[in-house]
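Working through the structure, step by step
Single-letter residue listing:
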Amino acid sequence: MPVVELTDRFCRSAKGVEAKQTDYFDEAVKGLCLTVSPGGTKTFNLIYTRPVNGKRARMKLGRYPELQLAKARERARATRAEVSEGSDPVAAKRAAAASMTVRDLVENYIGRHASTKRTADAIARRLRKNVSEVIGDIRVAELHRRDITRVIDEIKDRGAPIEANRVFEDLRAMVRWARGRGDLDENLMEGMRKPSEAVERDRVLDAPEIKTMWTALASADMRESTRNIIRLCLVTGQRVGEVCGMTRDELDLQRGVWLIPPARSKNKREHAVPLPSLALEILDEQINAIDTLADRKGRAASGFVFPAPGGRAPMTNAAVSKAIKRNEGDGLTLGIEPFTPHDLRRTCATRMEEIGISPFIVGHVLNHISITKASITSRIYARYSYEKEKREALEAWSKRLLALVGEVTAQSRGEQA
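So, a few notes on the structure that sits alongside this text. (Residues numbered from 1 in each chain as written. Predicted model: local features only at pLDDT ≥ 70, side-chain atom pairs only at ≥ 80, totals over all residues. Heavy atoms only, no water.)

1. Comments concerning the nonpolar core
- Of all hydrophobic cores here, the largest spans 51 residues; its most connected members are Met-213, Ile-229, Phe-306, Met-352 and Leu-401.
- The contact partners of Met-213, leaving out residues within four places of it in the chain, are Leu-205, Ile-230, Leu-234, Leu-334, Ile-336, Phe-339 and Leu-344.
- Residues Leu-105, Ile-123, Leu-188 and Met-189 belong to the second largest nonpolar core, which totals 32 residues. (Core = buried A, V, L, I, M, F, W, Y, C linked by side-chain atoms within 4.5 Å. Buried < 20%, exposed > 50% of the residue type's maximum accessible area, 1.4 Å probe, protein only. Contact = heavy atoms within 4.5 Å.)

This is the structure we're talking about:
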């Protein structure tokens with residue numbers, strides 16, 4: 001039982017002695033050891049004395065490198081503190097593992113890990129719908145690869161290969177996280193192949209579809225805020241999540257600019273979106289409706305331009321997608337072939353190029369980092385914002401869009417916020 005000063009460098013290079021399982025005990029934290037298997041797998045364990053019978057017990061803390069040394073030491077110290085108070089963590093862990101279901105694991109993963117991700121709402125929706133509803137009652141201790149296969153097969157069988165790929169990635173991340181925590185003893189998805197080759201979407205609405213969809217929005221089964229989000233996605237070409245989360249502080253309506261901060265931008269770079277006259281009209285209507293609703297209910301107006309019911313949080317892209325899907329019927333959505341909010345962004349980009357706008361400027365409008373920061377010169381030295389060119393591009397597209405759909409007045413859009 002070698003006793004060493006565990007370091008990150010040592011953990012990376014550690015090997016078993018004479019091809020046998022070897023425990024390397026940490027000098028810094030009593031009982032903490034890095035266990036290296038003959039095959040090279042490395043696991044942090046805590047060896048302690050069980051309060052109930054005085055026997056030695058081994059508790060797995062997690063796999064290395066998923067669980068880093070600093071975190072392993074933190075867990076080991078916390079566990080030793082529990083033991084000193086009379087607890088038996090191995091017994092408690094076994095009892096918890098015996099009762100934990102896949103549904104419990106999903107909720108734990110969403111709350112403790114996935115909630116920090118930019119796409120947290122989408123991950124939560126996919127896992128709850130496709131995993132919890134199908135295998136949620138299975139105990140984690142009895143979870144098998146065939147259960148994961150069943151989840152994926154059911155998604156594929158309903159003709160949703162892209163969704164199957166996304167759920168597969170969600171499951172793989174959750175299983176890896178659970179193994180790192182010690183909730184699972186092995187990576188059940190190791191060696192499993194992605195269910196299908198993802199096909200990049202290329203849906204672009206043509207001119208008649210744009211007119212049909214835009215007209216159908218006025219009477220669609222959704223809130224007026226949702227209608228305005230959909231309109232702005234097509235008018236500005238911005239991502240639906242960025243439109244949903246728009247705040248009043250981001251808007252300079254006098255200058256006609258929407259400044260998306262780095263924290264809300266997909267590529268973590270500030271993005272100035274010049275607002276054409278049509279976008280300003282939509283935003284003016286939306287903000288007035290929200291203020292009127294707040295006055296009627298006797299509460300302060302929300303800082304979000306597209307607040308969810310209650311006003312304390314913004315609408316989510318998942319809610320917009322769900323609203324669009326709710327208007328499906330006879331194989332059509334709002335009178336045209338099914339589409340997603342992202343298809344509206346692609347339509348905006350395609351139609352701007354169609355009317356003669358340079359792909360380079362379109363890339364700046366969309367805030368595509370491959371265009372805006374494609375070279376060292378662009379990344380480090382070039383600071384020109386292309387605001388003038390972006391404004392001209394969006395105004396030109398706005399005029400073209402109005403020519404396609406005709407003037408749509410605030411009255412024809414409805415009055416419900």
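2. Concerning the packing of helix 8 (residues 207–217) against helix 9 (residues 224–236)
- Two numbers describe how helix 8 lies on helix 9: the axes approach to 10 Å, and their chain directions differ by 155°. In terms of their interaxial angle, helix 8 and helix 9 are classed as roughly antiparallel. Like other packed secondary-structure pairs, helix 8 and helix 9 cross with a definite hand, here left-handed. Facing Ile-210, Met-213, Trp-214 and Leu-217 of helix 8, the residues of helix 9 in contact are Arg-227, Ile-230, Arg-231, Leu-234 and Val-235. (Axes fitted to C-alpha atoms, helices over the stretch in contact; angles between N-to-C directions. Helix = DSSP H or I, 4+ residues; strand = E, 2+ residues; numbered from the N terminus. Parallel < 35°, antiparallel > 145°, perpendicular 65-115°, else oblique. Left-handed = near helix turned anticlockwise from the far one by under 90°.)

3. Remarks on the sheet that holds strand 8 (residues 271–274)
- Taking strand neighbours across the sheet as the criterion, the three strands line up as 6-7-8 in an open arrangement whose pairing is antiparallel. The outermost strands of the open sheet, each flanked by one partner alone, are strand 6 (251–252) and strand 8. (Pairing = 2+ DSSP bridges.)

4. Some words on the sheet that holds strand 3 (residues 32–36)
- The strand order across the open sheet formed by five strands is 1-2-3-4-5, and the pairing between neighbours is mixed. Each of the sheet's edge strands pairs with one partner strand only, and the pair in question is strand 1 (3–4) and strand 5 (56–64).
- Judged from the four bridges that link them, strand 2 (residues 22–26) and strand 3 form a sheet pairing that is antiparallel. Among the inter-strand pairings, Asp-23 is bridged to a residue of strand 3, identified as Thr-35.
- Against the sheet, helix 2 (residues 69–84) makes contact with strand 2, strand 3, strand 4 (42–49) and strand 5, and its axis sits at roughly 20° relative to strand 4, the strand it touches most.

5. Let's talk about the side chain of Asp-26
- Its place among the elements puts Asp-26 in strand 2.
- At 3.4 Å, the side chain of Asp-26 forms a polar contact with the backbone nitrogen of Leu-6.
- Side-chain polar atoms of Asp-26 contact the backbone nitrogen of Ala-28, separated by 3.3 Å.
- The contacts of Asp-26, once residues within four sequence positions are left out, are Val-4, Glu-5, Leu-6, Leu-32 and Arg-73. (Polar contact = N/O pair within 3.5 Å; in protein donor to acceptor, adjacent residues only side chain to side chain.)

6. Here we look at the packing of aromatic side chains
- In the structure shown here, the tally under the stated rule is four aromatic pairs.
- Relative to Tyr-24, the ring of Phe-10 has its centre 5.1 Å away and its plane inclined at 80°; by these criteria the two rings are edge-to-face. Pair noted here: Phe-10 is in helix 1 (residues 8–13) and Tyr-24 is in strand 2, with a separation of 14 residues, a long-range link.
- For the ring pair Tyr-109 and Trp-177, a centre distance of 5.4 Å and an interplane angle of 65° mean the geometry is edge-to-face. Of this pair, Tyr-109 sits in helix 4 (residues 102–112) while Trp-177 sits in helix 7 (residues 161–181), and the two are 68 residues apart along the sequence. As far as the burial class goes, Tyr-109 and Trp-177 line up, both buried. (Phe/Tyr/Trp six-rings, centres within 6.5 Å; stacked < 30°, edge-to-face > 60°.)

7. A look at helix 5 (residues 120–135)
- In this model, helix 5 (16 residues) spans 21 Å end to end at C-alpha, consistent with the 22 Å of a helix rising 1.5 Å per residue.
- Of all the positions in helix 5, only Ala-120, Ala-122, Ile-123, Ala-124, Arg-126, Leu-127, Asn-130, Val-131, Ser-132 and Ile-135 are classed as buried.
- Buried positions along helix 5 lie against helix 4, helix 6 (145–157) and helix 7. (Expected span 1.5 Å × (residues − 1).)

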